[in-house]
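An overview of the molecular structure
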Amino acid sequence: MLSGTDLEPGVRDRLGSLRLAVVGHVEWAEFLRVPALPAGGDIVHVTDRWEAAAGGGAVTAVQLARLAGRATLITALGDDELGHRAAEELEAFGVEVRAVFRDPPQRRVIVHLDPTGERTITVIGDRMGPRGDDRLGWDDVDLDGVYFTAGDADALRRSRGARVLTATARALGTLREASVAVDALVRSALDPGERYEDGDLTPSPGIVVATERNAGGRWEARDGSSGRYDPVDPPGPVHDTYGCGDAFAGGITAGLAAGLDVRGALDLGARCGAWVASLDGPYGR
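First, a word on scope: everything that follows refers to the structure included in this document. All of these numbers come straight from a predicted model, not from anything done at the bench. (Residues numbered from 1 in each chain as written. Predicted model: local features only at pLDDT ≥ 70, side-chain atom pairs only at ≥ 80, totals over all residues. Heavy atoms only, no water.)

This paragraph deals with the overall build of the protein chain. A tally of helices and strands in the protein chain yields seven helices and 13 strands. A compact globule built from 285 residues would reach a C-alpha radius of gyration of about 19 Å, and the protein chain, at 18 Å, matches this within 12%. With 285 residues in all, the protein chain has 54% of them scored as buried. Taking the intrachain contacts of the protein chain between residues at least 6 apart in sequence as the baseline, contacts between residues at least 24 apart amount to 59%. Accessible surface, the protein chain as shown: approximately 12,300 Å² in total, 48% of it carbon and sulfur. Looking at the protein chain, you have 31 positive and 44 negative side-chain charges, and the mean spots of the two groups are 2 Å apart. (Helix = DSSP H or I, 4+ residues; strand = E, 2+ residues; numbered from the N terminus. Rg over C-alpha atoms; globule rule 2.2 N^0.38 Å. Buried < 20%, exposed > 50% of the residue type's maximum accessible area, 1.4 Å probe, protein only. Contact = heavy atoms within 4.5 Å. Areas by Shrake-Rupley, 256 points an atom, 1.4 Å probe, with all protein chains shown as cover. Lys, Arg positive; Asp, Glu negative; His and termini not counted. Charge placed at Lys NZ, Arg CZ, Asp CG, Glu CD.)

Encoded structure:
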């Protein structure tokens with residue numbers, strides 16, 4: 001992952017003083033590298049495998065920690081071996097994990113990776129996020145930047161205590177219910193699960209960013225300004241595209257919290273996403 005030491009001194013200094021957090025979910029991921037994705041009736045043999053605490057909340061929190069030197073993840077985890085293991089692993093990456101442990105088993109995903117690094121994901125279990133009535137130190141959310149991926153409407157309202165609040169379009173239902181303004185909404189222009197249309201939210205987001213994977217993407221601001229951002233080449237061969245979008249969102253959140261303009265924040269996000277594509281798993285092994 002891109003770290004603060006990889007950045008220009010001016011940006012690095014801005015990021016180093018920030019208090020950043022993610023309010024969201026964690027998935028325990030098993031990565032399986034295969035020669036090709038199986039078609040109906042096929043049998044494929046795994047050429048490599050590994051596991052990691054991942055998911056949108058976890059990956060973004062680790063990216064923020066790499067950029068700023070520290071970050072907080074406010075989440076809900078399964079009260080089982082994988083849930084507790086996930087918390088320990090994320091703490092080892094420099095993330096302060098504030099978690100409530102619940103009875104359902106920890107959500108898991110199986111990630112198939114083909115030779116191009118493209119990922120196909122199978123999800124096991126429901127997404128778990130924090131609630132506003134969970135005892136997770138909500139009074140201490142006087143933060144510079146928060147990225148929201150999962151939780152109830154009250155958790156989202158509490159997150160609005162941050163100076164900059166960004167969110168994923170996958171949380172659109174919660175965003176509608178909470179009726180809070182987000183400074184940036186990140187969606188995929190290619191994924192039907194991340195649709196957003198003008199008028200879907202009141203108040204409307206300050207900026208809507210639509211990603212187009214390795215083609216870059218486009219953005220549109222509430223004031224009517226808009227533009228495109230360019231893709232960034234990975235520092236090495238593409239190994240695994242899992243987590244690229246989450247790292248991208250982390251870069252945008254950190255950039256906006258650091259006072260960068262839209263183009264500067266998007267460039268930082270694109271660099272973060274590109275770095276992840278060159279790794280095995282979102283953090284490397």
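Once that is clear, we can look at helix 2 (residues 55-68). Helix length check: helix 2 (14 residues) gives 20 Å between terminal C-alpha atoms against 20 Å at 1.5 Å per residue, within 8%. In terms of residue burial, helix 2 counts as a mostly covered element, since 13 of its 14 residues are buried. A positive phi of about 90 degrees marks G69, the residue just after helix 2. (Expected span 1.5 Å × (residues − 1).)

A few words now on the state of the cysteines. Disulfides are covalent bonds that link the sulfur atoms of two cysteine residues. In this structure the tally under the stated criterion is zero disulfides. Take C244: it sits in no disulfide, and the sulfur closest to it among the cysteines is that of C272, at 11 Å. The class for C244 is buried, based on a relative accessible area of 16%. (Disulfide = S-S within 2.5 Å.)

Next up on the list: the pattern of salt bridges. Pairs can form between side chains of opposite charge once their charged atoms are near each other. This structure, assessed with the given rule, holds 20 salt bridges. The partner of R102 in a salt bridge is D134, and the shortest N-O contact between them spans 2.5 Å. Linking R102 in strand 5 (residues 95-102) with D134 in the loop between strand 7 (119-124) and strand 8 (145-148), this pair joins segments that are 32 residues apart in sequence. Assessed through its relative accessible area of 14%, R102 is described here as buried. Here D134 falls in the buried class, since its relative accessible area comes to 9%. What you see here is one network of salt bridges that share partners, running through E30, R49, E51 and R85. (Salt bridge = Lys/Arg side-chain N within 4 Å of Asp/Glu carboxyl O.)

This part is about the environment of H112. Here H112 shows up in strand 6 (residues 108-113). For the pair H112 and E51, spaced 61 residues apart in sequence, the C-alpha separation works out to 12 Å. Not counting residues within four places of it along the chain, the set of residues in contact with H112 comprises L32, V34, L37, E118, R119 and T120.

This part covers the packing of helix 2 against helix 6 (residues 244-257). The interhelical angle for the contact between helix 2 and helix 6, taken along N-to-C directions, is 50 degrees, at an axis separation of 8 Å. Of the possible angle classes, the one that applies to helix 2 and helix 6 is oblique. For helix 2 against helix 6, the interelement crossing comes out right-handed. Across from G55, G56, V59, T60, Q63, L64 and L67 in helix 2, the residues of helix 6 making contact are D246, A247, A249, G250, G251 and A254. Grouping the constituent residues of the contact of helix 2 with helix 6 by class yields six nonpolar, six polar and one charged. (Axes fitted to C-alpha atoms, helices over the stretch in contact; angles between N-to-C directions. Parallel < 35°, antiparallel > 145°, perpendicular 65-115°, else oblique. Left-handed = near helix turned anticlockwise from the far one by under 90°. Nonpolar A, V, L, I, M, F, W, Y, C, P; charged D, E, K, R; others polar.)

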